[in-house]
Structures are given as C-alpha cells and as structure tokens.
Amino acid sequence: QVQLVESGGGLVQAGGSLRLSCAASGGTLSSYVVGWFRQAPGKERELVAHISRGGSAPNYVDSVKGRFTISRDNAKNTVYLQMNSLKPEDTAVYYCAARLVFEVDFDSWGQGTQVTVSS
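Residues numbered from 1 in each chain as written. Predicted model: local features only at pLDDT ≥ 70, side-chain atom pairs only at ≥ 80, totals over all residues. Heavy atoms only, no water.

Caption draft 1: Molecular detail of the overall build of the protein. Check the secondary structure of the protein and you find zero helices and 11 strands. Order of helices (α) and strands (β) in the protein, N terminus to C terminus: β-β-β-β-β-β-β-β-β-β-β. With the C-alpha coordinates aligned to their principal axes, the bounding extent of the protein is approximately 40 × 25 × 25 Å. Partitioning the contacts of the protein with sequence separation of at least 6, the portion at a separation of at least 24 is 54%. (Helix = DSSP H or I, 4+ residues; strand = E, 2+ residues; numbered from the N terminus. Contact = heavy atoms within 4.5 Å.)

Below, the structure written as structure tokens:
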C-alpha cells in the first residue's frame, strides 16, 4: 500500500481559499485512483472528489461543484484539492485516500488535515 500524507489545512474566513496536498511515498501514485474525503463532527465521512489515474474526468459531490478542483501531478506523486469560495459547512477533517483501479474500496489513507471555515 502507498503511504499518504495530507497538508495545507488551516483556518480561513468564509469566501476564502485553501489548497490541500496529498503526497505519496512507498509507491507510484499514478497507479491509483485518488479521492478526497471529509468528515465533520457528528457526520458520516463523505467522498468530496476523486480523480482517475491519468487525471481526466474528475468527479465531485454536488455541494462542492464549481468551488473545488481536484488535480494531480504524477511526476511529483501528489494530488491536490483546490478549495475556493469556502463556506462554514466545509469545515471538516479532510483525508486523501487511494485505491487501485480494480479495487472497489479505498484502502490507503492519510492521517487527515483540519479545515476550519469561520463565518
């Protein structure tokens, strides 16, 4: 399994932006589908966005469409989540996760990074 480390979280005012990074080691991230998940207190974890191995056809949950952009730089073994027009309801711990194409479940997870959006 590839090891993942997230960074870039923090405290931002509503309407602001953050860029999260997910750096991989112990494997080639280009072999994996990568997703960004988030979990707010008292809520279930949700898949926010995911991206294919080549970076085409990213997918987003409806609540972030038009505000968040997932991208990847396979040369740097890193996946990003650019978050614009942040809202207080985006406050959560954000996790990146990876799975091989033929797998159903994401089985490599990072430790998470806190994103807090103040109103």
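Text resumes after the structure shown.
Caption draft 2: Layout of the nonpolar core. Of all hydrophobic cores here, the largest spans 28 residues; its most connected members are L4, W36, F68, V79, L81, M83 and Y94. Those elements that place two or more of their residues in this core are β3 (18-25), β4 (32-39), β5 (46-51), β7 (68-73), β8 (78-83), β9 (92-100) and β11 (113-118). Setting aside residues up to four positions removed in sequence, V79 forms contacts with L20, S21, C22, L29, V34, W36, I51, I70, S71 and R72. (Core = buried A, V, L, I, M, F, W, Y, C linked by side-chain atoms within 4.5 Å. Buried < 20%, exposed > 50% of the residue type's maximum accessible area, 1.4 Å probe, protein only.)

Caption draft 3: Here's a closer look at unusual backbone geometry. A positive phi angle, near 50°, is found at A57, a position not held by glycine. With respect to the helices, strands and loops of the structure, A57 is situated in the loop between β5 and β6 (59-60). The phi dihedral of S85 is positive, around 50°, even though this residue is not glycine. Locating S85 in the fold gives a position in the loop between β8 and β9. Classification of S85 by relative accessible area gives partly exposed; the value is 41%.

Caption draft 4: Summary view of the sheet that holds β7. Strands sit in the order β1-β3-β8-β7 across an open sheet of four strands; the sheet is antiparallel. Of all the strands in the sheet, the pair left with one neighbour each is β1 (3-7) and β7. In this sheet, adjacent strand axes meet at a mean angle of 15° when their direction is disregarded. Pairing between β3 and β8: six bridges, direction antiparallel. Bridge pairing links L18 to M83 in β8. (Pairing = 2+ DSSP bridges. Axes fitted to C-alpha atoms, helices over the stretch in contact; angles between N-to-C directions.)

Caption draft 5: View of the side chain of R72. Residue placement: R72 occurs in strand β7. The side chain of R72 sits in the buried core without any salt bridge; D73 is the nearest counter-charge, 8.5 Å away. Discounting chain neighbours no more than four positions away, the residues touching R72 are L29, S30, Y32, V34, I51, S52, R53, G54, G55, T78 and V79. (Lys, Arg positive; Asp, Glu negative; His and termini not counted. Salt bridge = Lys/Arg side-chain N within 4 Å of Asp/Glu carboxyl O.)

Caption draft 6: Expanded view of the environment of T113. Among the secondary structure elements, T113 is positioned in strand β11. Among the residues examined, T113 registers a relative accessible area of 10% and is labelled buried. Considering only alpha carbons, one finds T113 and K43, 70 residues apart in sequence, at a separation of 16 Å. In this structure, T113 is in contact with E6, S7, G8, G9, L20, A92, V93 and Y94, ignoring residues within four places of it in sequence.

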